[in-house]
Amino acid sequence: MKLHFRFLCLGLLVLASQLQPGLVHAADHLDAPLVGTDGRLDINDVYIFRSPNDSSKVAMVMTVNPLAGVLSPTTFNTSARYEFNIDNDGDAQPDVVYQLAFGTPRPTDLSQRVTLRRNGALIGRGITGRNVRIRTAGGGLLRCGTFDDPFFFDLVGFQNGLAFEGNDFFEGLNTSAIVLEVPRSDLGGDAVGLYCRTVIGGTQFDRMGRPAINTVLIPSDAKDVFNETDPSDDPSVFGDTVRASVTALSGDADYAAAITDVLLPDLLTVDTSQSTAFLNGRQLADDVIDASLSLLTRGVVEGDGVDANDVEFPGVFPYLAPAHVIME
């Protein structure tokens, strides 16, 4: 990526954040004021899908560090915990927790020691790096590092009153990612809900399930509170707010009430016994923007004209495309 393009991207992102703080960001990149203070803790996107190569496995992906290497670092916060939280009994409370912690970056290559625990028990350890595959107890795989940002969206068109031109703002940009593949049986059931969160100092810093819930449906003055709230409390705390937002977008209060019951609690639900694609889980190639725009506007807005990622996904673990070279 050329230098002038890097700063054009950064300028657009900053400009967007100044224009409409409540509706500017995509997926969960920079979704609230507080996450802008540390990109390493800012969850950008969450994915869960059945492995395309082994139906007995399920893959989960969490990305952080929006515009990694430009706006954010390419490392993970050493004082934080990164979690994949699985609800397998429908109460929106975590029953299976995969928790990661990272060590101090090495000066030579910024690689970090990483440990993985499942419900408190150590199941894997290794180092970060795009080409470093860590085997975990029970037959899982883990990789943590810098990759192409898999999200695709015409952010500028969105900010321009939904005047989409099909230009992918995220073309050529990178993100930090945690990719974890485990046996489906380890989740405690086929039908589960997933949310990811970052925790620092014992306090939940950010959380995400489905794309764009906080960015689009929660007003600016409540975005930090949303990120700090447990999903199980979503219906009681944010139900009225989300219904009002969907009503404004769709023009139909009854429809908004029905949709709110689907969107909250904010868990990315999936039945791994079936083929997975958004809204049944989320694969990397799923066009969640088109699906979300159509859902929230009741078909009035069908899409943004960006139908795929700028580079092809490999289709094998770790499923993400390699990072772009950032020119200095």
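Note that the structure is predicted; figures quoted are calculated from it, not measured. (Residues numbered from 1 in each chain as written. Predicted model: local features only at pLDDT ≥ 70, side-chain atom pairs only at ≥ 80, totals over all residues. Heavy atoms only, no water.)

**Q** Looking at this structure, how should I read the overall build of the chain?
**A** Of regular secondary structure, the chain possesses 7 helices and 12 strands. Here the C-alpha atoms of the chain give a radius of gyration of 18 Å, agreeing with the 20 Å that 2.2 N^0.38 yields for 328 residues. For the chain, the C-alpha atoms occupy an extent of roughly 50 × 50 × 40 Å along the three principal directions. Sorting the 328 residues of the chain into buried and exposed places 55% on the buried side. Across the chain, every contact between residues at least 6 apart in sequence was considered, and the portion connecting residues at least 24 apart equals 64%. (Helix = DSSP H or I, 4+ residues; strand = E, 2+ residues; numbered from the N terminus. Rg over C-alpha atoms; globule rule 2.2 N^0.38 Å. Buried < 20%, exposed > 50% of the residue type's maximum accessible area, 1.4 Å probe, protein only. Contact = heavy atoms within 4.5 Å.)

**Q** Sorry, what's going on with the environment of threonine 215 here?
**A** The topology assignment puts threonine 215 in helix H3 (residues 213-217). Looking at threonine 215, the relative accessible area reads 2%, which means it is buried. Distance from threonine 215 to leucine 30, taken between C-alpha atoms, is 8.5 Å for residues 185 residues apart in sequence. Polar contacts involving the side chain of threonine 215 include one to the main-chain carbonyl oxygen of alanine 212, which spans 3.3 Å. (Polar contact = N/O pair within 3.5 Å; in protein donor to acceptor, adjacent residues only side chain to side chain.)

**Q** Would you mind going over the packing of aromatic side chains with me for this structure?
**A** The description of an aromatic ring pair uses the distance of the two centres, along with the angle that the planes make with each other. Considering all chains together, one arrives at 10 aromatic pairs under this definition. Summarising the aromatic geometry, the rings of phenylalanine 151 and phenylalanine 170 are spaced 5.3 Å apart at their centres and angled 75° between planes, so their arrangement reads as edge-to-face. With a gap of 19 residues between them, phenylalanine 151 in the loop between strand S8 (140-148) and helix H2 (155-159) and phenylalanine 170 in the loop between H2 and strand S9 (174-183) connect regions that are remote in the sequence. Taking relative accessible area as the criterion, phenylalanine 170 reaches 2% and is therefore assigned buried. Against the face of phenylalanine 226 rests arginine 207, its NZ or CZ located 3.8 Å from the ring centre. (Phe/Tyr/Trp six-rings, centres within 6.5 Å; stacked < 30°, edge-to-face > 60°. Lys NZ or Arg CZ within 6 Å of the ring centre and 35° of its normal.)

**Q** Explain the environment of alanine 92 here, please?
**A** As for its position among the elements, alanine 92 is in the loop between strand S3 (80-87) and strand S4 (96-102). With 70 residues separating them along the chain, alanine 92 and leucine 162 place their C-alpha atoms 33 Å apart. In this view, alanine 92 contacts Asp87, Pro231, Ser232, Pro265 and Leu267; residues no more than four positions away in its chain are not counted.

**Q** I keep staring at helix H6 (residues 253-263) and nothing clicks. Help me out?
**A** Those residues of H6 lying buried are Tyr255, Ala256, Ile259, Thr260 and Leu263. Down the axis of H6, the smallest arc covering the buried residues is 135°, so these residues share one side. Opposite its buried face, H6 presents the exposed residues Asp254 and Asp261, each directed more than 90 degrees away. Buried residues along H6 sit against H3, helix H5 (234-250) and helix H7 (288-296). N-cap assignment for H6: the residue whose side-chain oxygen lies 3.1 Å from the backbone N of aspartate 254 is aspartate 252. (Arc of directions from axis to C-beta.)

**Q** What's the story with the nonpolar core in this structure? I'm lost.
**A** Note on soluble globular proteins: their nonpolar side chains tend to be buried together. Ranked by internal contacts, the top residues of the largest apolar core, which has 49 residues, are Met60, Tyr82, Phe84, Tyr98, Leu100, Leu142 and Ile178. In this structure, leucine 100 is in contact with Ala80, Arg81, Tyr82, Phe84, Val114, Thr115, Leu116, Leu142, Cys144 and Ile178, ignoring residues within four places of it in sequence. The next biggest cluster of nonpolar side chains, apart from the first, holds 16 residues, and it includes Ala212, Leu217, Ile218 and Leu263. (Core = buried A, V, L, I, M, F, W, Y, C linked by side-chain atoms within 4.5 Å.)

**Q** Before we go on, may I ask you to explain the pattern of salt bridges in this structure?
**A** A side chain with one charge may pair with a side chain of the opposite charge, provided their charged atoms come close. Per the stated rule, a full pass over the model turns up 9 salt bridges. In this structure, aspartate 54 and lysine 57 form a salt bridge, with 4.0 Å as the shortest nitrogen-oxygen distance. A salt bridge links aspartate 190 to arginine 184; the shortest N-O distance between them is 2.9 Å. Judged by its relative accessible area of 16%, arginine 184 is buried. The structure contains a network of salt bridges with shared partners spanning Arg81, Glu83 and Arg197. (Salt bridge = Lys/Arg side-chain N within 4 Å of Asp/Glu carboxyl O.)

**Q** How should I be thinking about the state of the cysteines in this particular structure?
**A** The term disulfide refers to a covalent linkage connecting the sulfur atoms of a pair of cysteines. This structure, assessed with the given rule, holds 0 disulfides. With no disulfide of its own, cysteine 144 lies closest to cysteine 196 among cysteine sulfurs, the gap being 12 Å. Using a relative accessible area of 0% as the deciding quantity, one classes cysteine 144 as buried. Classification of cysteine 196 as buried rests on a relative accessible area of 0%. (Disulfide = S-S within 2.5 Å.)

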